[in-house]
Amino acid sequence: MKIVGIAGSNVGSKTRTAMDYTLKLASEKYPNAEITLLDLAEYEMVFSDGRNYWEYEGDTKYITETIMAADAIIIGTPTFQASIPATLKNIFDLLPVNAFRDKVVSMLVTAGTAKHYLMVEQQLKPILAYMKAHIVPTYVFIEEKDFHRKEIINDDILFRMERLVEDTVLLVDAYADIRQMKDAEYDF
């Protein structure tokens, strides 16, 4: 199983801190999984210009092809101006409409205030649904108060991050079983 974590901003550290912890949990619980972190702050991305994702070069090609090869994607995003960052939106724009078909996508969101929880419901989930993702229904929302000195200090958040990893992998397995049963219905 290939799990790709995306730290969806090119600035800040809280989302990266949360993604590091989440992917560490995933690697401990599922040691056979191939886990990759794509921290968008570490790459030189170009803006989408309408080409197919495989036509880009360099970091843009690497990131889009890594996402397309994943079985599961854990998207970590900060909330900027009550919205997703442009760097994350650019990733969605670079990919085809059906990019997340047969992929499970889960989310963790960092924000300065609880007032931004609707960003996931009104922006991120609709984009993922449009791109045909199997969306993990629950997500982890982490506020400024849950961090202290670049560490997550809220035990409930840590528990929910562990649950997010489990739910993501369970859904990948469930959908794989469903596809296998459907494929078995055909005689060829």
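The rules behind each value
Residues numbered from 1 in each chain as written. Predicted model: local features only at pLDDT ≥ 70, side-chain atom pairs only at ≥ 80, totals over all residues. Heavy atoms only, no water. Salt bridge = Lys/Arg side-chain N within 4 Å of Asp/Glu carboxyl O. Phe/Tyr/Trp six-rings, centres within 6.5 Å; stacked < 30°, edge-to-face > 60°. Buried < 20%, exposed > 50% of the residue type's maximum accessible area, 1.4 Å probe, protein only. Lys NZ or Arg CZ within 6 Å of the ring centre and 35° of its normal. Helix = DSSP H or I, 4+ residues; strand = E, 2+ residues; numbered from the N terminus. Arc of directions from axis to C-beta. Core = buried A, V, L, I, M, F, W, Y, C linked by side-chain atoms within 4.5 Å. Contact = heavy atoms within 4.5 Å. Axes fitted to C-alpha atoms, helices over the stretch in contact; angles between N-to-C directions. Parallel < 35°, antiparallel > 145°, perpendicular 65-115°, else oblique. Left-handed = near helix turned anticlockwise from the far one by under 90°. Nonpolar A, V, L, I, M, F, W, Y, C, P; charged D, E, K, R; others polar. Expected span 1.5 Å × (residues − 1). Bend = angle between axes of the 7 residues up to and from the residue.

Participant: A description of the pattern of salt bridges should follow, citing residues and the corresponding values.
Facilitator: Going through the model one piece at a time under the given rule, you end up with 15 salt bridges. A single network of salt bridges, built from pairs that share partners, joins Arg 16, Asp 20, Asp 39 and Glu 42.

Participant: Break down the packing of aromatic side chains for me, with residues and values.
Facilitator: On inspection of all chains with the given rule, the structure shows three aromatic pairs. On the numbers, 6.3 Å between centres and 90° between planes, the contact of Phe 92 with Phe 100 is edge-to-face. Considered together, Phe 92 and Phe 100 belong to a single accessibility category, that of buried residues. For Lys 132, the ring lying beneath its charged end belongs to Tyr 130, and the centroid distance is 5.5 Å.

Participant: Residue-level account of helix α2 (residues 58-68), with values.
Facilitator: Among the residues making up α2, those that are buried are Thr 60, Ile 63, Thr 64, Thr 66 and Ile 67. Along the axis of α2, the buried residues cluster in a sector spanning 160°; they form a single face.

Participant: Can you lay out the nonpolar core for me, pointing to particular residues and giving the numbers?
Facilitator: Counting residues in hydrophobic clusters, the biggest one holds 31 residues, and the most contacted among them are Ile 67, Phe 92, Phe 100 and Leu 128. When residues of this core are traced back to their parent elements, those giving at least two are β1 (2-7), α2, β3 (72-78), α3 (86-94), β4 (104-111) and α4 (118-130). Contact partners of Phe 92, with chain neighbours within four places excluded, come to Ile 75, Ile 84, Phe 100, Leu 124, Ile 127, Leu 128 and Met 131. Counting residues in hydrophobic clusters, the runner-up holds 24 residues, among them Ala 18, Met 19, Ala 72 and Val 165.

Participant: Let's hear about the packing of helix α1 (residues 14-29) against helix α5 (residues 155-184): which residues, and what values?
Facilitator: The contact between α1 and α5 brings their axes to 9 Å, and the two run at 55°. Regarding the angle of α1 to α5, the classification is oblique. Relative to α5, the crossing made by α1 is right-handed. From α1, Ala 18, Tyr 21, Thr 22, Leu 25, Ala 26 and Lys 29 reach across to α5, where they touch Leu 158, Met 161, Glu 162, Val 165 and Glu 166. Here the contact of α1 with α5 is composed, by residue class, of seven nonpolar, one polar and three charged.

Participant: With reference to specific residues and values, describe α4.
Facilitator: For α4, spanning 13 residues, the distance from its first C-alpha to its last is 18 Å, which sits close to the expected 18 Å at 1.5 Å a residue. At Leu 124, α4 is bent by approximately 35°, the largest bend along its length, and proline Pro 126 sits one to four residues beyond. Residues of α4 that are buried include every one of Met 119, Val 120, Leu 124, Lys 125 and Leu 128, and no others. Of the residues trailing α4, Lys 132 is marked for its positive phi of about 70°.

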